[in-house]
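Coordinates in review
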Amino acid sequence: LFVCVTNGKSGVNGTVAITRLVKMDDDEPVDPLPAIRKDCVKTCPKPLANYDACKERIKGKPGADCEIWYYELHHCVDLCVAPKIFAATKE
């Protein structure tokens, strides 16, 4: 497992970020949830299409939102995620 570490150093025109990878211990826990969620979004094409269509419809309209479509998408994703995340949980 590698972790990105960024150090800020003062340069001529402001701050320059120096990034390096640091190897972590293999015992470091890794949260599987983000990867599982990303995979599960693919299993919800209709809610995802509805949410994306709503976002396109409301572009530039102040006060409009796609809250209901957002919640429908995440409900579908959660139904897929739940059994997978519990299967990945160690006792």
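Residues numbered from 1 in each chain as written. Predicted model: local features only at pLDDT ≥ 70, side-chain atom pairs only at ≥ 80, totals over all residues. Heavy atoms only, no water.

**Concerning the packing of aromatic side chains**
Counting across every chain of the model gives two aromatic pairs. Geometrically, the ring pair formed by Tyr70 and Tyr71 is edge-to-face, given 5.6 Å between the ring centres and 70° between the ring planes. For Tyr71, a relative accessible area of 48% gives the class partly exposed. One aromatic cluster in this structure is built from Tyr51, Tyr70 and Tyr71. (Phe/Tyr/Trp six-rings, centres within 6.5 Å; stacked < 30°, edge-to-face > 60°. Buried < 20%, exposed > 50% of the residue type's maximum accessible area, 1.4 Å probe, protein only.)

**Observations regarding the state of the cysteines**
Here the structure, examined in full by the defined rule, presents three disulfides. Here Cys40 engages in a disulfide with Cys80; their sulfurs sit 2.2 Å apart. Residues Cys40 and Cys80 are joined by a disulfide whose S-S torsion is about -65°; by sign, that bridge is left-handed. On the criterion of sequence distance, the pair formed by Cys40 in helix 1 (residues 33-41) and Cys80 in helix 3 (residues 67-88) is long-range, its members being 40 residues apart. Relative accessible area serves as the criterion here: at 0%, Cys40 is assigned to the buried category. A sulfur-sulfur separation of 2.0 Å characterises the disulfide bridge that pairs Cys44 with Cys76. Torsion about the S-S bond of the Cys44 and Cys76 cystine: about -95°, corresponding to left-handed handedness. In this pair, Cys44 sits in the loop between helix 1 and helix 2 (45-58) while Cys76 sits in helix 3, placing the two residues 32 residues apart along the sequence. Its relative accessible area of 21% is what places Cys76 among the partly exposed residues. In the protein chain, the cysteines engaged in disulfides, taken in order along the sequence, are linked 1-6, 2-5, 3-4. (Disulfide = S-S within 2.5 Å. Helix = DSSP H or I, 4+ residues; strand = E, 2+ residues; numbered from the N terminus.)

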